[in-house]
Structure formats: structure tokens, C-alpha cells
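# Geometric and topological summary
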Amino acid sequence: FRRVLFRSLAQDALDRGTAITAVVISTGRSYEDSGRTGAWVEQIKRGMRQSDDVGLLRAGEIGLLLRHTTADPASAVTRRVQALLQATDDRGGLGATIGFETRFPGRDGGAGIVQAARARVRPFRTGR
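Everything quoted here is computed from the prediction, not taken from an experiment. (Residues numbered from 1 in each chain as written. Predicted model: local features only at pLDDT ≥ 70, side-chain atom pairs only at ≥ 80, totals over all residues. Heavy atoms only, no water.)

### Structural notes on the overall build of the protein chain
The helix and strand tally for the protein chain stands at four helices and five strands. Within the protein chain, contacts between residues separated by at least 24 positions form 70% of all contacts whose residues are at least 6 apart in sequence. Of the roughly 6400 Å² that the protein chain leaves accessible, carbon and sulfur atoms contribute 49%. (Helix = DSSP H or I, 4+ residues; strand = E, 2+ residues; numbered from the N terminus. Contact = heavy atoms within 4.5 Å. Areas by Shrake-Rupley, 256 points an atom, 1.4 Å probe, with all protein chains shown as cover.)

Shown next, in the form of C-alpha cells:
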């Protein structure tokens, strides 16, 4: 998935006339904990539409590319994903961040969408 593919998928959707939202979740996990992050990716995928993409951007960072989605629906998605992470973090107390950026066809490009989502993060805590 990685950032280059993410950016390419984002630009392709914009070129096709589709509004998109990128969601970036930083779990704070290292490579040693990548199994848990990978499990979260799979759980998130099960709750997403087939048109959306979910994958690891880098160690401890999950990216979601939501097609046909603007800020309000994206905010609801981020709340659901946050609740999932909070409910399934068996280690407890993980400090994480989640942020998103919306782009519109004809007005915006896909370049920098991941960085923009990272810049708009808000913290949350996982664990029971």
C-alpha cells in the first residue's frame, strides 16, 4: 500500500471525478508490534466499503482512502475506526492519533494528501 501507491490511488480517483478523503492513523507501534497493527488493518477492512482502500503506510501507521466521501462522512468513519482500535487494543493505554484530509476533483490534487492528513491529527487513547 505504502504512501506512493496511496497517492497514486488518490490522484486516480480525483482524475475520475471522485471526491476523496485520506485518513491516517498513527498507532505508535513499532515494527516489533506490526502484527497487531496488521490485525487492525484487517479488522478495519471488514468494516469498509469495497471501493475504499486500507493498508499500512509505514510502521505503526494505517492509511484509509475513502472514495465518494467528504468531511462529514469521513468524521463518522474516523469515530468508528477509533472505537474499534480502543476496543481491540489488548495492551491498553496506547496513545494514538487520527487525522483526515478531503480533496475534490478539479480543485485539488492527490499530492501531499497523506502529509495534510498527518498535519490535522487529533490524539486518542486505546485500551479498555
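### Details of the packing of aromatic side chains
Throughout the structure, instances matching the rule amount to zero aromatic pairs. Lying over the aromatic face of Phe100, Arg120 brings its terminal NZ or CZ to 5.7 Å of the ring centre. (Phe/Tyr/Trp six-rings, centres within 6.5 Å; stacked < 30°, edge-to-face > 60°. Lys NZ or Arg CZ within 6 Å of the ring centre and 35° of its normal.)

### Focus on the environment of Ala119
Take Ala119: it is sitting in helix H4 (residues 113-119). Expressed as a C-alpha distance, the spacing of Ala119 and Gly99, which sit 20 residues apart in the sequence, is 7.4 Å.

### With respect to the pattern of salt bridges
Oppositely charged side chains can pair when the atoms bearing their charge come close. For the coordinates displayed, the defined rule picks out eight salt bridges. Linking Lys45 and Glu42 is a salt bridge whose minimum nitrogen-to-oxygen distance equals 3.6 Å. Here the residue Lys45 and the residue Glu42 both occupy positions in helix H2 (residues 34-46), the gap between them amounting to three residues, near one helical turn. Assessed through its relative accessible area of 38%, Lys45 is described here as partly exposed. When its relative accessible area of 39% is taken as the criterion, Glu42 is described as partly exposed. Of the charged contacts in the structure, one is a salt bridge between Glu101 and Arg120, with a shortest N-O distance of 3.6 Å. Here the residue Glu101 occupies a position in strand S4 (residues 95-103), and Arg120 occupies one in the loop between H4 and strand S5 (122-125), the gap between them amounting to 19 residues. (Salt bridge = Lys/Arg side-chain N within 4 Å of Asp/Glu carboxyl O. Buried < 20%, exposed > 50% of the residue type's maximum accessible area, 1.4 Å probe, protein only.)

### Describing the nonpolar core
Soluble globular proteins tend to bury their nonpolar side chains together. Ile25, Ile44, Ile62, Leu64 and Val81 are the most contacted members of the largest nonpolar core, which totals 18 residues. Counting residues per element, this core draws most heavily on helix H3 (residues 71-88), which supplies four residues. Discounting residues that sit within four places of it in the chain, Ile25 has contacts with Ile44, Gly60, Glu61, Ile62, Leu64, Val81, Leu85, Thr97 and Ile98. With twelve residues, the next largest nonpolar core counts Phe6, Ile20, Leu57 and Leu65 among its residues. (Core = buried A, V, L, I, M, F, W, Y, C linked by side-chain atoms within 4.5 Å.)

Note that all results are geometric; they support no functional claim without further evidence.
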